[in-house]
Amino acid sequence: MLIAGNWKMHLDARGANELARGVMDATADAGPVQVAVCPPYVHLGALSSTLKNSRVRLGAQNMHSADKGPFTGEISASMLLSVGCHYVILGHSERRQKFGETDASVNAKVKRALRTGLVPIICVGEHLRERSAGAEKEVVASQIKFALEDLKLVAPNALVIAYEPVWAIGTGKTATPGQAQEIHALIRSLLVRQFGGEVASGVHILYGGSMNPGNARELLVQPDVDGGLIGGASLKAEDFGAIVEIAQSVSR
Ligand code: 13P
């Protein structure tokens, strides 16, 4: 199980440090559950020190696909690695919708992250209009196919997938456990086809979209739900810690 917090564009330096300390305390006894926080770029260096010697890993929310160059305002994978990042979220729906992220750019970033030694958390998920049209499987399968194009994977822990139905993000509406499991099983089958059963069975497939301490258990007990990517509820150490505790209690 992996529980990761996506802090999005929230918190100043002091707030981020306080939350990181809170998460550290709240998750100190998480047993086998892996824990990560993904703060805004500017806090990564400081939080790397704060979280040193703790079990909480650090992730970024995006990166550029090039290693360096004339890309004002952008951040590379090797920079993220050098400040202590383990994970990088790629292809979040907010980036696809609001910042022109495409399947091709996600694929290029995934390749760069893997080559550099970062673990990409690749986000996929359908819009409400797509689900209403019964096209959710087609949409997710296509996003997975493009994100993973030409990719070889030898170790399951080199990659994480997050299923985040867009209509469930920040809305308080969560996918039902059945809806989540159905898409997670589809993602698993695509991973099996590309990487083989042994690797695919070990890849963490996270659910994201209004997960909170009240609904986490029913989602996390699903056989192909291997954790959560948490937005709003990750901004309160107590709630995030409670989700990690639930993950621990249902851990496989
Ligand atoms: P919420 O948990 O706030 O719905 O956000 C989910 C998300 O987008 C995580 O990446």
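Note: the structure precedes this text.
Rules and cut-offs
Residues numbered from 1 in each chain as written. Predicted model: local features only at pLDDT ≥ 70, side-chain atom pairs only at ≥ 80, totals over all residues. Heavy atoms only, no water. Helix = DSSP H or I, 4+ residues; strand = E, 2+ residues; numbered from the N terminus. Polar contact = N/O pair within 3.5 Å; in protein donor to acceptor, adjacent residues only side chain to side chain. Contact = heavy atoms within 4.5 Å. Buried < 20%, exposed > 50% of the residue type's maximum accessible area, 1.4 Å probe, protein only. Right-handed = clockwise from strand over helix to strand, strands pointing away. Pairing = 2+ DSSP bridges. Near = heavy atom within 4 Å. Disulfide = S-S within 2.5 Å. Expected span 1.5 Å × (residues − 1). Arc of directions from axis to C-beta. Phe/Tyr/Trp six-rings, centres within 6.5 Å; stacked < 30°, edge-to-face > 60°. Lys NZ or Arg CZ within 6 Å of the ring centre and 35° of its normal.

What follows deals with the side chain of His64. Summarising the element assignment, His64 is placed in the loop between strand S3 (56–60) and helix H3 (77–82). Among the polar contacts listed, one links the side chain of His64 to the backbone nitrogen of Ala66, at a separation of 2.8 Å. Residues within four places of His64 in sequence aside, it is in contact with Phe71, Glu74, Ile75, Ala77, Lys109 and Arg112.

On to the pairing of S3. Of all five residues that make up S3, four are buried, and the element is covered over most of its length. In this region the chain leaves strand S2 (residues 34–38), passes through helix H2 (residues 44–50) and returns to the parallel neighbour S3; the handedness of that crossover is right-handed. Bridge count between S3 and strand S4 (residues 87–90): two bridges; the pairing is parallel. By the bridge assignment, Gly59 is partnered in S4 with Tyr87.

The environment of the ligand is made up of Asn6, Lys8, His92, Glu164, Ala168, Ile169, Gly170, Gly209, Ser210, Leu229, Gly231 and Gly232. Taking Ser210, its main chain carries an N or O atom lying 2.7 Å from an oxygen atom of the ligand. At a separation of 2.9 Å, an oxygen atom of the ligand approaches a polar backbone atom of Gly231.

Turning our eyes to something else, we now look at the state of the cysteines. This model, assessed by the stated rule, comprises zero disulfides. Not engaged in a disulfide, the cysteine Cys38 finds its nearest cysteine sulfur in Cys85; these two sulfurs lie 7.9 Å apart. For Cys38, a relative accessible area of 0% puts it in the buried group.

An α-helix turns once every 3.6 residues. As a result, residues three or four positions apart point the same way. An ideal rise of 1.5 Å per residue puts 16 Å on twelve residues; helix H7 (residues 136–147) measures up with 16 Å between its terminal C-alpha atoms. Those residues of H7 that fall on the buried side of the exposure criterion are Glu136, Val139, Val140, Gln143, Ile144 and Ala147. The buried residues of H7 all sit within an arc of 130° when viewed along its axis, so they share a single face. Residues of H7 that are exposed and point more than 90 degrees away from the buried face comprise Glu138 and Lys145. Where H7 is buried, its residues contact helix H4 (93–98), helix H5 (103–116), strand S5 (119–124), helix H6 (128–132), strand S6 (160–163) and helix H8 (177–195).

Once that is clear, we can look at the packing of aromatic side chains. For any pair of aromatic rings, the description consists of the separation of the ring centres together with the inter-plane angle of the planes. Across all of its chains, the model carries one aromatic pair by this definition. Ring geometry for Tyr163 against Tyr207: centres 6.4 Å apart, planes inclined by 65°, an arrangement best described as edge-to-face. Of this pair, Tyr163 sits in strand S6 while Tyr207 is found in strand S7 (residues 204–208), placing the two residues 44 residues apart along the sequence. The two residues Tyr163 and Tyr207 agree in class, both being buried. Geometry around Phe99 places Arg95 over its ring, the cationic atom sitting 4.3 Å from the centre. Lying across the ring of Phe146, Lys145 places its NZ or CZ 4.6 Å from the centre.

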